[in-house]
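Notes for the structure review
Now for the letters of each chain:
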Amino acid sequence: MSAITREQVAHLAKLAHIEMTEEELAAMAGELDLVVDSVASVSEAAGPDVPATSHPIPLHNVFREDVVGPTLTAEEALGGAPDRAEGKFKVPAILDEE
């Protein structure tokens, strides 16, 4: 017996305002039934002794510790700036401010 019927597909198509021909309804019912069967076969393989996982291999954190290192002085940081004012980078205004 099919898990997804042509009538169910027609009902969902109507709810989604999707026009489908009789051939499309029948084909979609068959495709969705295949999806349901595939999920069922995977569910059979995953028993209580198989832990749930989101990845096939274990993941581990590859980030390093956040350690403060040498930094630039304000003068060094602004040294290559084409324009500066009051110890900050000066850039053209892009918003109309009054």
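In the annotation of an unreviewed UniProt entry, the protein chain is listed under the name Aspartyl/glutamyl-tRNA(Asn/Gln) amidotransferase subunit C and assigned to Kocuria flava. Looking at the Subunit (unreviewed entry) heading of the UniProt record, one finds this comment for the protein chain: "Heterotrimer of A, B and C subunits."

It is worth spelling out the overall build of the protein chain at this point. Counting its regular elements, the protein chain contains 3 helices and 2 strands. For the protein chain, the succession of helices and strands along the chain, N to C, is α-α-α-β-β. Since a compact globule built from 98 residues should have a radius of gyration of about 13 Å, the 31 Å found for the protein chain marks it as more spread out than a globular shape. Its C-alpha atoms give the protein chain principal-axis dimensions of about 75 × 50 × 20 Å. For the protein chain, the proportion of its 98 residues judged to be buried stands at 7%. A fraction of 27% describes how many contacts in the protein chain between residues 6 or more apart in sequence connect residues 24 or more apart. Accessible surface for the protein chain amounts to roughly 9,400 Å². Of this, 61% is attributable to carbon and sulfur atoms.

Analysis parameters
Residues numbered from 1 in each chain as written. Predicted model: local features only at pLDDT ≥ 70, side-chain atom pairs only at ≥ 80, totals over all residues. Heavy atoms only, no water. UniProt positions renumbered as here; feature names shortened; annotations may be inferred. Helix = DSSP H or I, 4+ residues; strand = E, 2+ residues; numbered from the N terminus. Rg over C-alpha atoms; globule rule 2.2 N^0.38 Å. Buried < 20%, exposed > 50% of the residue type's maximum accessible area, 1.4 Å probe, protein only. Contact = heavy atoms within 4.5 Å. Areas by Shrake-Rupley, 256 points an atom, 1.4 Å probe, with all protein chains shown as cover.

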